[in-house]
Amino acid sequence: MKLSRAEYKEIVRWTEQLRPTRQCMNVLKKRFPNHSQSTLLSIFSLEYQKRTKRTISRHHAPDVIESYYQRYLSEAVTRPSAPVLLELANEVDLSPALMARLILDRFLQNLEGETPSKLVLNSMLKEPSLIPDQTLAKNVYQCTVNDCCYGPLVDCIKHAIGQEHEVLLCDKLKEKNLSFLDENQLRAKGYDKTPDIILEVPVAVEGHIVHWIESKASFGDDHSHRTYLNEQFWSYWNRFGPGLVIYWYGFIETPNYHQKWELVLKIILKGRCWLTFSMPDFPKLPNNDVIEAFEHQCSCVSKHRLKGKTWGCFFTTPNSFISRY
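Reference entry: report on the structure contained in this document.

Things to note about the overall build of the protein chain
Point 1. Of the regular secondary structure elements, the protein chain holds 11 helices and 11 strands.
Point 2. Out of the 325 residues belonging to the protein chain, those deemed buried represent 47%.
Point 3. In the protein chain, 58% of the contacts between residues at least 6 apart in sequence involve partners at least 24 apart.
Point 4. When the accessible surface of the protein chain is totalled, it reaches about 17,200 Å², and 52% of it is carbon and sulfur.

Digging into the pairing of strand β5 (residues 243–247)
Note on strand geometry: in a regular strand, side chains alternate between the two faces of the sheet.
Point 1. Counting buried positions along β5 yields 5 of 5 residues, so the element is predominantly enclosed.
Point 2. Burial along β5 is two-sided: Gly243, Val245 and Tyr247 facing one way and Leu244 and Ile246 facing the other are all buried.
Point 3. Direction of pairing for strand β4 (residues 208–216) relative to β5: parallel, over a ladder of 5 bridges. Bridged to Ser215 within β5 is Ile246.
Point 4. Crossover handedness for the path β4 to helix α11 (residues 222–240) to β5: right-handed.

Section: the pairing of β4
Point 1. For β4, a buried count of 7 out of 9 residues is recorded, marking the element as mostly surrounded by other parts of the structure.
Point 2. Where strand β3 (residues 197–205) and β4 come together, 5 bridges link them in antiparallel fashion. Bridging across to β4, Ala204 finds its partner in Ile209.
Point 3. The turn joining β3 and β4, which pair antiparallel and follow one another in sequence, is formed by 2 residues; a positive phi near 50° is taken by Glu206.

Description of the side chain of Thr194
Point 1. Positionally, Thr194 belongs in the loop between α10 (183–188) and β3.
Point 2. Its relative accessible area of 5% is what places Thr194 among the buried residues.
Point 3. Beyond its immediate stretch of four places on either side in the chain, Thr194 contacts Glu183, Leu186 and Tyr236.

Section: unusual backbone geometry
Point 1. Of note, the phi angle at Asp93 is positive, near 60°, even though the residue is not glycine.
Point 2. Tracing the chain through its elements places Asp93 in the loop between α5 (84–92) and α6 (96–112).
Point 3. One non-glycine residue, Asn177, adopts positive backbone phi at about 60°.
Point 4. Note on placement: Asn177 falls in the loop between α9 (152–175) and β2 (180–182).

Side note on the packing of aromatic side chains
Point 1. Enumeration over the complete set of coordinates arrives at 10 aromatic pairs.
Point 2. For the ring pair Tyr228 and Tyr247, a centre distance of 6.5 Å and an interplane angle of 35° mean the geometry is tilted. Taken together, the positions of Tyr228 in helix α11 and Tyr247 in strand β5 put the pair 19 residues apart, joining distant regions of the chain.
Point 3. Judged by its relative accessible area of 21%, Tyr228 falls in the partly exposed class.
Point 4. The class of Tyr247 is buried, set by a relative accessible area of 1%.
Point 5. Of the aromatic side chains, those joined through ring pairs into one cluster are Trp212, Tyr228, Phe233, Tyr236, Tyr247 and Phe251.
Point 6. One residue, Arg31, lies across the ring of Phe32, its end atom 4.9 Å from the ring centre.
Point 7. Across from the ring centre of Tyr228, 4.0 Å away, lies the NZ or CZ of Lys216, which sits over that ring.

Criteria and cut-off values
Residues numbered from 1 in each chain as written. Predicted model: local features only at pLDDT ≥ 70, side-chain atom pairs only at ≥ 80, totals over all residues. Heavy atoms only, no water. Helix = DSSP H or I, 4+ residues; strand = E, 2+ residues; numbered from the N terminus. Buried < 20%, exposed > 50% of the residue type's maximum accessible area, 1.4 Å probe, protein only. Contact = heavy atoms within 4.5 Å. Areas by Shrake-Rupley, 256 points an atom, 1.4 Å probe, with all protein chains shown as cover. Pairing = 2+ DSSP bridges. Right-handed = clockwise from strand over helix to strand, strands pointing away. Phe/Tyr/Trp six-rings, centres within 6.5 Å; stacked < 30°, edge-to-face > 60°. Lys NZ or Arg CZ within 6 Å of the ring centre and 35° of its normal.

What follows is the structure, encoded as structure tokens:
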């Protein structure tokens, strides 16, 4: 899914008034029903992280942390069954998981007389039952499960989704008999920084040679894409040549974006659409399967529908082709 810059800015404008609780997605989905929840959540998460980076320093001031902690202690006594930390986080516009981390860190300092190690702090955030204070443990748990942008639960979900999409990509490549090496195989060969897929036999995509594929289970906005370029993509390009980047949840449509570097940006919309591209001299499809066919810069594209899904065809030679859902 490509979003125009105007569409993207409209979604971003709506995210500015929302807090990072799971209920916020109901608001976005109701306002933008034509966009998937995964796309909206990815955009909101990216925008909220930018907002947090701009404001987090003021929440880490010692006097501010102390005021949060004293307020928590006071309200936890008067309202023991209330989600005190969650309400406080929403009031001061701080991620619930980050608020829980601040208060737990302050609690452990008071309990042990010194700053707790990151190992101890992280283990208690992942497993609140380890926290010696039952009321605080309950509040930390409430913050963790209600935060859609930060915290150990979100980290686990993001990792699982990333792995799921990488496995799906590998399965599709195997299904089409493309020879490739995945990230684990490359690391076993001694590569320290690798894309998700290296194609042992490069392919052509809309006139671009593709040596590698990187899967991103997120939305590709300007900031995240620029970060990926500096931290990953240029390194891959220098080592392996041009490649293909897949943003599963969409990206901002930008004409000729980094075209001179031959980084091909595409999107896969899970369960509905696969990349659509081909090379010249492709075999004929039955007329009732063909929706449209056209030529553009010596490339030919054909689409056909099967079982309600949009399929794309990638033809490598006159006698062989690859169809993708």
